[in-house]
Amino acid sequence: MKRLLLVHTGGTLGMSGRRPHALRPGAFFRTVRERVPELTKLAHLEFELFSNLDSCEMQPELWTRLATLLHERLDDFDGAVVTHGTDTMSDTASALSFMLRNLDKPVVLTGAQRPLGEVRSDARLNLIDAVTSALHGPKEVTVCFDSRLFRGNRVRKVSIAEYDAFDSPNHPVLGVLGVEARFERGLRRRGRRTLWPALVPEVFLLRVFPGLDPALPLALLPRLKGLVVEAYGAGNFPSSADLGRSLEPLFAEAQRRRIPVVVVSQAPRNGVDLSLYESGSLARTYGAISGGDLTMSAAVVKLMHGLAHVPRGSLRHYLERSVAGERT
Ligand code: ASP
């Protein structure tokens, strides 16, 4: 029988019926055994308690610890399932995808919209599907939710109260767990599994909106090592000097300070093209990097990760290409 590691980090899946109380660790693993006894027919499971947190408490230091734990333990297993809250699942999945390069085993994140112990909980099926995906799915970091398997660094949380909590608008699903479970091949490996665990968290995400006072982000720049701008549409932002509030000085000052700026789009589908409109082109002249169709989560985490691992001269190249299937 195949061996899987089940790492619990927290989230609604592991909360008791009376939210927001988390089940105690012992109670959590007992509840899994009681509510989903079939899991033991699918694989030999070993449980590991990583944390018992609402995922809004997730932080870069915890990603480093989680990736290190998975890297150290995966040799003894055929794959891993990570139970996680839905709120920051896309961020953790992105982080793991950049930290665990050339994965040779599936690492599947899952969670639930209702606690495992509740009637009509989605946790039971999500757990069974995640275990199935860890046994038979692609060898990369994925998110399994509501009978679909997604590339981890492509997902967005799209629903708070429906069971289909995730979508990956710019990438096809990697698996469908219907009457039959079907999986795509996933990423091609280019060498041995390696751990790249460091992050530079001094990154800021700026969402552009009408009325944004450029003085505010300008004042932040001295404290930043990297900036992600969530721009309009194809990568646009106000740049007219006549109308005021042009963001041009922000791009200029970031360039002067050698702070990398990655532009992503507020539109969930398709990607940034900085050559299409005037403001995008302007950003390019100040050295802004196109985030293409990176999700906001993947852009922020990849920038943190690139700043820690990639020499400054190669950072643009690192950010503009796909390193873990995160951009098209
Ligand atoms: N707040 C919860 C969390 O992210 C929500 C969930 O798990 O669905 O931990």
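Here the structure is a predicted model, which means the values were calculated and not measured.

(A) Broad picture of the overall build of the protein chain. Helix and strand counts for the protein chain come out as ten helices and 16 strands. At 21 Å, the protein chain has a C-alpha radius of gyration in line with the 20 Å of a compact globule built from 328 residues. Taken over the C-alpha atoms alone, the protein chain extends approximately 65 × 45 × 35 Å along its principal axes. A burial count over the protein chain gives 54% of its 328 residues as buried. When contacts within the protein chain are restricted to residue pairs at least 6 apart in sequence, long-range pairs at least 24 apart make up 73% of them. Placing the 43 positive and 35 negative side-chain charges of the protein chain at their respective mean positions leaves the two points 4 Å apart.

(B) Just the site of the ligand, in detail. The ligand sits among G11, T12, D54, S55, G85, T86, D87, A112 and Q113. Within the contact set of the ligand, a nitrogen atom lies 3.0 Å away from a side-chain nitrogen or oxygen of D54. Between the ligand and T86, the relevant distance is 2.4 Å, taken from an oxygen atom to a side-chain nitrogen or oxygen of the residue. Within the complex, the protein chains bury 89% of what would otherwise be the 260 Å² of accessible surface of the ligand. Classifying every residue of the shell around the ligand by side-chain character gives one nonpolar, six polar and two charged.

(C) A look at the pattern of salt bridges. Per the stated rule, a full pass over the model turns up 16 salt bridges. Between E118 and R114 there is a salt bridge, with its nearest N and O atoms 3.1 Å apart. Through salt bridges with shared partners, a single ionic network connects R3, E46, E48 and R73.

(D) Spotlight on the packing of aromatic side chains. Applying the stated criterion across every chain yields a total of four aromatic pairs. A ring pair is formed by F29 and F47, whose centres lie 4.8 Å apart and whose planes are at 40°; its orientation type is tilted. Pair noted here: F29 is in helix 1 (residues 25-35) and F47 is in strand 2 (residues 44-53), with a separation of 18 residues, a long-range link. An aromatic cluster is built from F28, F29 and F47, whose rings are joined through pairwise contacts. In this structure, R101 is placed above the aromatic ring of W196, and the distance from its NZ or CZ to the ring centre is 4.5 Å.

(E) Representation of unusual backbone geometry in the model. The phi angle at R258 is positive, at roughly 60°, despite the residue not being glycine. For R258, the position within the fold is in the loop between helix 7 (248-256) and strand 15 (261-265).

(F) A look at the environment of T12. Looking at where T12 falls in the secondary structure, it is placed in the loop between strand 1 (3-10) and helix 1. Here T12 falls in the buried class, since its relative accessible area comes to 19%. Along the sequence, T12 and L187 sit 175 residues apart, while their C-alpha atoms lie 30 Å from each other.

(G) Quick peek at a positive patch on the surface. On the surface, K2, K139, R189 and R192 cluster together into a positively charged patch. Examined against the element boundaries, K139 turns out to sit in the loop between helix 5 (123-136) and strand 6 (141-145).

(H) How the structure looks around helix 3 (residues 60-73). For helix 3, built from 14 residues, the straight-helix expectation of 20 Å at 1.5 Å per residue is met to within 8% by its first-to-last C-alpha distance of 20 Å. Those residues of helix 3 that fall on the buried side of the exposure criterion are P60, L62, W63, L66, A67, L69 and L70.

(I) How the structure looks around the sheet that holds strand 15. Across the sheet, four strands lie side by side as 13-14-15-16; this open sheet has parallel pairing. Strand pairing shows two members of the sheet lacking a second neighbour, strand 13 (203-207) and strand 16 (289-290), which therefore form its edges. Across five bridges, strand 14 (residues 226-231) lies against strand 15 in parallel orientation. Considered in strand 15, the bridge of A231 is made with S265. Of the strands in this sheet, strand 13, strand 14 and strand 15 are in contact with helix 7, which crosses strand 15 at around 140°. Against the sheet, helix 9 (residues 296-309) engages strand 13, strand 14 and strand 15, with an angle of about 165° to strand 14.

(J) Highlighting the environment of D242. Mapped onto the elements, D242 comes out in the loop between strand 14 and helix 7. Residue D242 is classed as exposed on the basis of its relative accessible area, which comes to 76%. In the structure, D242 is positioned 195 residues away from F47 in sequence and 61 Å away in space, judged by C-alpha atoms.

Conventions we followed
Residues numbered from 1 in each chain as written. Predicted model: local features only at pLDDT ≥ 70, side-chain atom pairs only at ≥ 80, totals over all residues. Heavy atoms only, no water. Helix = DSSP H or I, 4+ residues; strand = E, 2+ residues; numbered from the N terminus. Rg over C-alpha atoms; globule rule 2.2 N^0.38 Å. Buried < 20%, exposed > 50% of the residue type's maximum accessible area, 1.4 Å probe, protein only. Contact = heavy atoms within 4.5 Å. Lys, Arg positive; Asp, Glu negative; His and termini not counted. Charge placed at Lys NZ, Arg CZ, Asp CG, Glu CD. Near = heavy atom within 4 Å. Polar contact = N/O pair within 3.5 Å; in protein donor to acceptor, adjacent residues only side chain to side chain. Areas by Shrake-Rupley, 256 points an atom, 1.4 Å probe, with all protein chains shown as cover. Nonpolar A, V, L, I, M, F, W, Y, C, P; charged D, E, K, R; others polar. Salt bridge = Lys/Arg side-chain N within 4 Å of Asp/Glu carboxyl O. Phe/Tyr/Trp six-rings, centres within 6.5 Å; stacked < 30°, edge-to-face > 60°. Lys NZ or Arg CZ within 6 Å of the ring centre and 35° of its normal. Patch = residues over 30% accessible without salt bridge, like charges linked within 9 Å, V, L, I, M, F, W, Y side chains within 5 Å. Expected span 1.5 Å × (residues − 1). Pairing = 2+ DSSP bridges. Axes fitted to C-alpha atoms, helices over the stretch in contact; angles between N-to-C directions.

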